[in-house]
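Okay, here's what each chain looks like letter by letter:
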Amino acid sequence: MKSDNSVISEIFKHLDFTEEEIKIIESVFHKVTAKKGTILLSADEFADAQYYVLRGCLRTYHIDTHGKEHTVQFGIKDWWISDYTGFFTSGKSIMTIEVIQDATLYRITEQDKEILYQSIPKIERFFRIKLERAFGAFQKRILANISQTATERYLNFIKTYPNIEKSIKNYHIASYLGITTESLSRIRKDLHR
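Residues numbered from 1 in each chain as written. Predicted model: local features only at pLDDT ≥ 70, side-chain atom pairs only at ≥ 80, totals over all residues. Heavy atoms only, no water.

Trainee: In this structure, what is going on with the environment of L58? I would like to understand it.
Mentor: Its location among the elements puts L58 in strand 3 (residues 49-63). The class of L58 is buried, set by a relative accessible area of 0%. Taking the C-alpha atoms as reference points, L58 and S93, 35 residues apart in sequence, are found 16 Å from one another. With sequence-adjacent residues up to four places away left out, L58 is seen in contact with L40, V53, Q73, F74, G75, I81, I97, E98, V99, I100, A103 and L105. (Helix = DSSP H or I, 4+ residues; strand = E, 2+ residues; numbered from the N terminus. Buried < 20%, exposed > 50% of the residue type's maximum accessible area, 1.4 Å probe, protein only. Contact = heavy atoms within 4.5 Å.)

Trainee: Help me understand the pattern of salt bridges, please; the structure alone is not making it clear to me.
Mentor: Applying the stated rule across the entire model yields 10 salt bridges. Between R107 and D48 there is a salt bridge whose closest N-O contact spans 3.2 Å. Linking R107 in strand 6 (residues 96-109) with D48 in the loop between strand 2 (39-41) and strand 3, this pair joins segments that are 59 residues apart in sequence. Overall, the relative accessible area of 23% leaves R107 in the partly exposed class. (Salt bridge = Lys/Arg side-chain N within 4 Å of Asp/Glu carboxyl O.)

Trainee: Would you take a moment to explain the layout of surface pockets for this structure?
Mentor: Gaps between atoms show up when a probe of the same size as a water molecule is rolled over them. Its boundaries defined by the atoms lining it, the largest pocket holds a volume of some 1400 Å³. With 18 residues, helix 5 (residues 121-147) is the single largest residue contributor to the lining of the largest pocket. Among the residues forming the lining of the largest pocket, the class breakdown is 23 nonpolar, 10 polar and 15 charged. (1 Å grid on protein atoms, 1.4 Å probe; cavity = no way out; pocket = protein on both sides within 12 Å on 5 of 7 lines; lining within 4 Å. Points joined across faces, edges and corners; volume = space filled by probe spheres on them. Nonpolar A, V, L, I, M, F, W, Y, C, P; charged D, E, K, R; others polar.)

Trainee: Honestly, the nonpolar core in this entry has me stumped. Any pointers?
Mentor: In globular proteins that are soluble, nonpolar side chains generally tend to be buried together. Among the nonpolar cores identified, the biggest contains 23 residues, and F12, I25, F29, W80, L116 and I123 are the most heavily contacted of them. If you list the elements that add at least two residues to this core, you get helix 1 (6-11), helix 2 (19-28), strand 3, helix 3 (84-89), strand 6, helix 4 (110-119) and helix 5. If you tally residues by element for this core, the top one is helix 2, at four residues. With 16 residues, the next largest nonpolar core counts F74, F157, I173 and I187 among its residues. (Core = buried A, V, L, I, M, F, W, Y, C linked by side-chain atoms within 4.5 Å.)

Trainee: Quick question: what am I supposed to make of the packing of helix 4 against helix 5 here?
Mentor: When two helices pack together, their arrangement is given by the angle between the helix axes and the distance between those axes. Contact geometry of helix 4 with helix 5 gives a least axis separation of 5 Å together with a crossing angle of 120°. In this view, helix 4 runs oblique relative to helix 5, as classed from their interaxial angle. For the pair helix 4 and helix 5, contact is made by K113, L116, Y117, Q118 and S119 and by P121, I123, E124 and F127, respectively. For the contact of helix 4 with helix 5, the class distribution of residues is five nonpolar, two polar and two charged. (Axes fitted to C-alpha atoms, helices over the stretch in contact; angles between N-to-C directions. Parallel < 35°, antiparallel > 145°, perpendicular 65-115°, else oblique.)

Trainee: What exactly am I supposed to notice about the environment of L191 here?
Mentor: In this structure, L191 sits in helix 8 (residues 181-191). Between the alpha carbons of L191 and D44 there is a distance of 40 Å; along the sequence they are 147 residues apart.

Trainee: When you look at a nonpolar patch on the surface in this model, what are you seeing that I'm missing?
Mentor: Nonpolar side chains collect at one region of the surface, where I142, L143 and I146 lie side by side and expose about 340 Å² of accessible area between them. Inspection of the secondary structure puts I146 in helix 5. (Patch = residues over 30% accessible without salt bridge, like charges linked within 9 Å, V, L, I, M, F, W, Y side chains within 5 Å. Areas by Shrake-Rupley, 256 points an atom, 1.4 Å probe, with all protein chains shown as cover.)

Trainee: I would appreciate a short explanation of the side chain of R59 in the present structure.
Mentor: Within the secondary structure layout, R59 lies in strand 3. Within the structure, R59 has its side chain in polar contact with the side chain of E69 (distance 2.6 Å). Not counting residues up to four positions away in its chain, the partners in contact with R59 are E69, T71, Q73, F74, I81, T96, I97, E98, I100 and H172. (Polar contact = N/O pair within 3.5 Å; in protein donor to acceptor, adjacent residues only side chain to side chain.)

Trainee: Would you explain the packing of aromatic side chains in this entry?
Mentor: Note on aromatic pairs: each is described by the distance of the centres and the angle between the planes. One pass over the structure, following the stated rule, counts 19 aromatic pairs. Taken together, a centroid distance of 5.9 Å and an interplanar angle of 80° make the contact between F12 and F29 edge-to-face. Highlighted residues: F12 in the loop between helix 1 and helix 2 and F29 in the loop between helix 2 and strand 1 (30-34), separated in sequence by 17 residues. An identical accessibility class is assigned to F12 and F29; each is buried. Plain terms: the ring middles of Y52 and W80 are 5.3 Å apart, the flat faces sit at 65° to each other, and that makes the pair edge-to-face. Of this pair, Y52 sits in strand 3 while W80 sits in strand 5 (residues 80-81); the two residues are 28 residues apart in sequence, bridging distant segments of the chain. (Phe/Tyr/Trp six-rings, centres within 6.5 Å; stacked < 30°, edge-to-face > 60°.)

What follows is the structure, encoded as C-alpha cells:
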C-alpha cells in the first residue's frame, strides 16, 4: 500500500489514524492491478477476500442452470466488491468477479479484517456501517426487480452508476436489469424521444 496515506484516507474517509494504526492497515491491504477480462474469483472457489475499488470497474455475476449470466453488482470507484455469500461464511463462492475495466484494487482477507477489528476498533464500526448500507441497497434492488418496470430499473441504474454506462457492454447492463439487450435498446430509444 502507498506509504503516503492517501489511499488509506480514501478508503477510510472521515477516520483519523495514528502512525502505528497506519502501519497495521498497510500490512493487511494489498494492492492489486488487474486488466480488463481478469477473473478475480470464479464460482465454486473459496471467497476469502474483499476488494476496495480505487479505479476501474468490476462486476459480480451468477450463471444459472441454463447458462444465463445474471449480473448482481458493479464495483466502481470507492465501492467494495466480493462474493459476500462465500466471504461471510468462509465458504465457496456462488458468483464470479470479473474486471470489466482495467482496475486498481486493494484486497483484504476476512482474517486480516479480524486483525484490523481487534487492533483498531473504529474500523469495525466503519465496516458495520458500510455493511448496513449495502444490505439496505440490496433490499431496495430486490424490491425494484419485483415491483418496477424495466424502464424504472434502467433509470435507477443510470442514477446509481452515472459514469459507466458508455464504457461497459450493453449485455452487462441488460443482465443487471434482468432484460434482453433488445429491450435495453428499446428503453433507451423510448427515453430519447
